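# Results of the structural survey
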Amino acid sequence: MNYFNLPKIDLHCHLDGSVRPQTIIDLAQEQSIPLPSQDINEINSLMIAPETCQNLEEYLMRFDLPLSVMQTEAGIERISFELFEDAAKENVKYFEVRFGPQLHQQQGLSFKQIISSVVKGMQRAEAMYDIRGNYILSILRTFPKDNINAVIDAGAEFLGKGVAAFDLAGAELPGFCHEFIPYAKYAKEKGYHITIHAGEQGVGQNVYDAVSLLNAERVGHGIHITGHQGAYDLVKQHNIGLETCPSSNIQTKAVDKLSEHPVKAFYQDNLPITINTDNRTVSNTTMTDEVRKVMEEFNLSREDYFNIYKISIEQAFASDEVKQHLMQFAE
Ligand SMILES: [Zn+2]
């Protein structure tokens, strides 16, 4: 099967984990930021996580370098444009990219400037290529909480105009949802969709909490519902989208190897699974690669692929008009 030519939908991808290495070199030069090397291969290797990391924290260290050049409006706009361009060039027809506005204030940008820059970059790519998209605002779970509502307020101006959802990301501790109830509620009241990273690092209860306490419509990863019947049943009952990211799950040791990934079992039990990249540079992957890996490992057919494509449309935080557009590519 020609995986490159298949129409694809990516609903879980982090902007700062998906930066072209050459762009880091260019932007560092423009912004007079010292780099550990000018060699593109070395910059690349500093960003790509090993095939298996010791833990999620080791994986997350790979984001420091890209973030250093993502502190100006021009830098952020360019990186957003290039990510959508790269995705469009491998037939991704709809793309939800997420990022943490709190990570881009090192040089004093306002949340409005930061969010407006990612949206501008996306819109520039949408005008040039056959791709549609939305941004998801990720709040870092380990950061101080005093400016979360300011992020939500700044992003609310862009709802329906490039921003679609609220997310919680970063290291996953058991029971984290309890601390974020008022923020998720506030985001929902403002009109955000809700997706939450949960069940990536071994705690199925976090998925249960994300749905029942935070009103999550989708969860990032969610693989550990396998060990928690209550969470599994809740996901099934409420048709909660599971944003599966196979390569990333192996790198962070969420699963030992792809053959042990529960994605096929979920699919066979009619859970709404989607296939996504998580981090294109850090995980050294593309949608073409992720789709190929999952389909080959689990012997999925073309019909299975288009079932998953349609689940992704259903689960997308896109307008009805965009969903109709995406249906044209379905078989
Ligand atoms: Zn993620």
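None of the values given here were measured: they were computed from a predicted structure.

The protein atoms that coordinate the zinc ion are His 12 (NE2), His 14 (NE2), His 197 (NE2) and Asp 278 (OD), at distances of 2.1 to 2.4 Å. Classification of the site at the zinc ion rests on its four donor atoms, whose angles at the metal span 83 to 172 degrees, yielding the label irregular. Sequence spacing among the residues donating to the zinc ion works out to H-x1-H-x182-H-x80-D. Of this pair, His 14 sits in strand E1 (residues 8–14) while Asp 278 sits in the loop between strand E8 (273–275) and helix H13 (287–297), placing them 264 residues apart in sequence. In this structure His 14 comes out as buried when scored by relative accessible area, which is 12%. For Asp 278, a relative accessible area of 3% gives the class buried.

Here the focus is the packing of helix H9 (residues 204–212) against helix H10 (residues 229–238). For the pair H9 and H10, interaxial distance at closest approach is 8 Å and the crossing angle is 40 degrees. It follows from the interaxial angle that H9 and H10 lie oblique. Classified by chirality, the crossing of H10 by H9 is left-handed. Contacts between H9 and H10 involve Gly 204, Val 207, Tyr 208, Val 211 and Ser 212 on the former and, on the latter, Gly 230, Ala 231, Leu 234 and Val 235. Here the contact of H9 with H10 is built from residues that sort into six nonpolar, three polar and no charged.

Once that is clear, we can look at helix H1 (residues 21–30). Of all the residues in H1, the buried ones are Pro 21, Thr 23, Ile 24, Ile 25, Leu 27 and Ala 28. Buried positions along H1 lie against helix H2 (40–47), helix H4 (64–68) and helix H5 (73–88).

Our next topic: the sheet that holds strand E2 (residues 92–99). Across the sheet, eight strands lie side by side as E1-E2-E3-E4-E5-E6-E7-E8; this open sheet has parallel pairing. Only two strands of the sheet have a single neighbouring strand rather than two, namely E1 and E8. In this sheet, neighbouring strand axes are inclined to one another by 25 degrees on average, regardless of whether the strands run parallel or antiparallel. Its contacts with the sheet place helix H6 (residues 111–128) against E2, strand E3 (132–140) and strand E4 (163–169), and it is angled at close to 155 degrees to E3. With respect to the sheet, H9 is in contact with strand E5 (193–198) and strand E6 (218–221), its orientation differing from that of E5 by roughly 170 degrees.

According to UniProt, the positions carrying the feature "binding site: Zn(2+)" (unreviewed entry) are His 12, His 14, His 197 and Asp 278. In summary, the annotated positions, though distributed over 267 residues, converge in three dimensions, the widest C-alpha pair being only 11.9 Å. The residue His 12 is located in strand E1 in this model. Given the relative accessible area of 0%, His 12 is considered buried. For His 12, the residues in contact, after removing those within four places along its chain, are Glu 96, Arg 98, His 197, Gly 220, His 221, Glu 243, Cys 245, Asn 276, Thr 277 and Asp 278.

A few words now on the UniProt feature "site: Important for catalytic activity" (unreviewed entry) in the protein chain. As annotated by UniProt and renumbered to match this structure, "site: Important for catalytic activity" (unreviewed entry) occupies His 221. The topology assignment puts His 221 in strand E6. On the basis of relative accessibility, which here comes to 0%, the residue His 221 falls in the buried class. Those residues within four positions of His 221 in sequence are excluded, and the remaining contacts are His 12, His 197, Ala 198, Glu 200, Leu 242, Glu 243, Cys 245, Ser 248, Asn 249 and Asp 278.

A few words now on the pairing of E6. When E5 meets E6, the two strands line up parallel, connected through four bridges. Paired with Thr 195 across the two strands is Arg 218, which belongs to E6. Here E6 pairs with strand E7 (residues 241–244) via three bridges, running parallel. Note that in E7 the partner of Arg 218 across the bridge is Gly 241. Taken together, E6, H10 and E7 constitute a β-α-β crossover, and its handedness is right-handed.

So, about the packing of H6 against helix H7 (residues 148–156). Put simply, H6 and H7 touch, their axes get as near as 9 Å, and they point 50 degrees apart. When the interaxial angle is binned, H6 and H7 end up oblique. Classified by chirality, the crossing of H7 by H6 is right-handed. Residues Phe 111, Lys 112 and Ile 115 of H6 form the contact with H7, whose participating residues are Ala 150, Val 151, Ala 154 and Gly 155. Residues belonging to the contact of H6 with H7 are distributed by class as follows: five nonpolar, one polar and one charged.

Definitions and cut-offs
- Residues numbered from 1 in each chain as written.
- Predicted model: local features only at pLDDT ≥ 70, side-chain atom pairs only at ≥ 80, totals over all residues.
- Heavy atoms only, no water.
- Donors = N, O, S within 2.8 Å, 3.2 Å for Na, K, Ca; no water.
- Tetrahedral: all angles 85-135°; square planar, octahedral: opposite > 155°, others 65-115°.
- Helix = DSSP H or I, 4+ residues; strand = E, 2+ residues; numbered from the N terminus.
- Buried < 20%, exposed > 50% of the residue type's maximum accessible area, 1.4 Å probe, protein only.
- Axes fitted to C-alpha atoms, helices over the stretch in contact; angles between N-to-C directions.
- Parallel < 35°, antiparallel > 145°, perpendicular 65-115°, else oblique.
- Left-handed = near helix turned anticlockwise from the far one by under 90°.
- Contact = heavy atoms within 4.5 Å.
- Nonpolar A, V, L, I, M, F, W, Y, C, P; charged D, E, K, R; others polar.
- Pairing = 2+ DSSP bridges.
- UniProt positions renumbered as here; feature names shortened; annotations may be inferred.
- Right-handed = clockwise from strand over helix to strand, strands pointing away.

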